[in-house]
Amino acid sequence: MTTNTTTETTTTTTRAHSTGTARLEFAQSAPKAFRALIAFDAAAREGLDPALVELIQIRASHLNHCAYCLHMHTNDARKAGESEDRLHMVAVWREARHFFTEREQAALALTEAMTLVADAGVPDDVYARAASLFEERELAQVLAVICTINTWNRVALSTAKVAGTDER
């Protein structure tokens, strides 16, 4: 099998990874799970500032080394009017706090803690800061967005999605 060739097998749809290892097409192989994840993603975003959602998704994608999602979400952020300056500063937001609001900083810190949860859990101070800046419903939505992007990152990485090939 060659790179980027799609082949239907008797049990699953696969795609060849650059190493030649076949990887499945998640949306085709698990359509109910894929649609459920899309619905969860849409529900998570509801009522949140789209710029905040993109910043969360970009930061988690940095941390998870997901080039596919990083490419997609930086493009989505640009289309939504996000500045190049802010996009370039997301990875180093702690050193460039003046580019981000207090709420964005709290959401980015919470994104880092939840994405790297196995390292130290979600520290009380990180959670408390976010809880002080977001209403309860908004905080729940932020938590949900962080969960969805981490799931999307894991799907993209596991199935070897290639940056720049988003077909939305």
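Quick look at the structure, then. On a predicted model such as this, the values are computed, not experimentally measured, just so you know.

The rules behind the values
Residues numbered from 1 in each chain as written. Predicted model: local features only at pLDDT ≥ 70, side-chain atom pairs only at ≥ 80, totals over all residues. Heavy atoms only, no water. Helix = DSSP H or I, 4+ residues; strand = E, 2+ residues; numbered from the N terminus. Phe/Tyr/Trp six-rings, centres within 6.5 Å; stacked < 30°, edge-to-face > 60°. Buried < 20%, exposed > 50% of the residue type's maximum accessible area, 1.4 Å probe, protein only. Core = buried A, V, L, I, M, F, W, Y, C linked by side-chain atoms within 4.5 Å. Contact = heavy atoms within 4.5 Å. Expected span 1.5 Å × (residues − 1).

## Overview of the environment of Leu 143
Argument step 1. Its place among the elements puts Leu 143 in helix 9 (residues 136-158).
Argument step 2. Considered as a pair, Leu 143 and Met 114 are 29 residues apart in the sequence and their alpha carbons are 8.4 Å apart.

## Structural notes on the packing of aromatic side chains
Argument step 1. Counting across every chain of the model gives two aromatic pairs.
Argument step 2. Ring centres 6.3 Å apart and planes at 70° place the aromatic pair Phe 26 and Phe 34 in the edge-to-face group.
Argument step 3. The exposure class of Phe 34 is partly exposed, given its relative accessible area of 25%.
Argument step 4. With 5.7 Å between their ring centres and 75° between their planes, Phe 34 and Trp 152 make a pair best called edge-to-face. Here Phe 34 is found in helix 2 (residues 31-45), whereas its partner Trp 152 is found in helix 9, with 118 residues between them in sequence.
Argument step 5. Classification of Trp 152 as buried rests on a relative accessible area of 16%.

## Some remarks on the nonpolar core
Argument step 1. Of all hydrophobic cores here, the largest spans 36 residues; its most connected members are Ile 56, Cys 69, Leu 110, Phe 134 and Val 142.
Argument step 2. Listing elements by their share of this core, those giving two or more residues are helix 2, helix 3 (50-63), helix 4 (67-79), helix 6 (102-115), helix 8 (124-133) and helix 9.
Argument step 3. Sort the elements by how many residues they give to this core and helix 9 lands first, with eight residues.
Argument step 4. Here Val 142 is in contact with Leu 48, Leu 52, Ile 56, Ala 107, Leu 110 and Phe 134, once residues within four sequence places are set aside.

## Describing the environment of Ala 80
Argument step 1. Topologically, Ala 80 is positioned in the loop between helix 4 and helix 5 (84-89).
Argument step 2. You can call Ala 80 exposed: its relative accessible area is 58%.

## Focus: helix 4
Argument step 1. For helix 4, built from 13 residues, the straight-helix expectation of 18 Å at 1.5 Å per residue is met to within 8% by its first-to-last C-alpha distance of 18 Å.
Argument step 2. Looking at helix 4, one finds that the buried residues are Tyr 68, Cys 69, Met 72, His 73, Thr 74, Asp 76 and Ala 77.
Argument step 3. Here the buried face of helix 4 lies against helix 2, helix 3, helix 5 and helix 9.
Argument step 4. With its phi angle positive at about 100°, Gly 81 sits one or two positions after the end of helix 4.

## Some details on the environment of Ala 107
Argument step 1. Structurally, Ala 107 can be placed in helix 6.
Argument step 2. Judged by relative accessible area, Ala 107 falls into the buried class, the value being 1%.
Argument step 3. Here the alpha-carbon distance between Ala 107 and Val 53, two residues 54 residues apart in the chain, equals 9.3 Å.
Argument step 4. Other than its neighbours up to four places away in sequence, Ala 107 contacts Leu 52, Ile 56, Phe 134, Val 142 and Ile 146.

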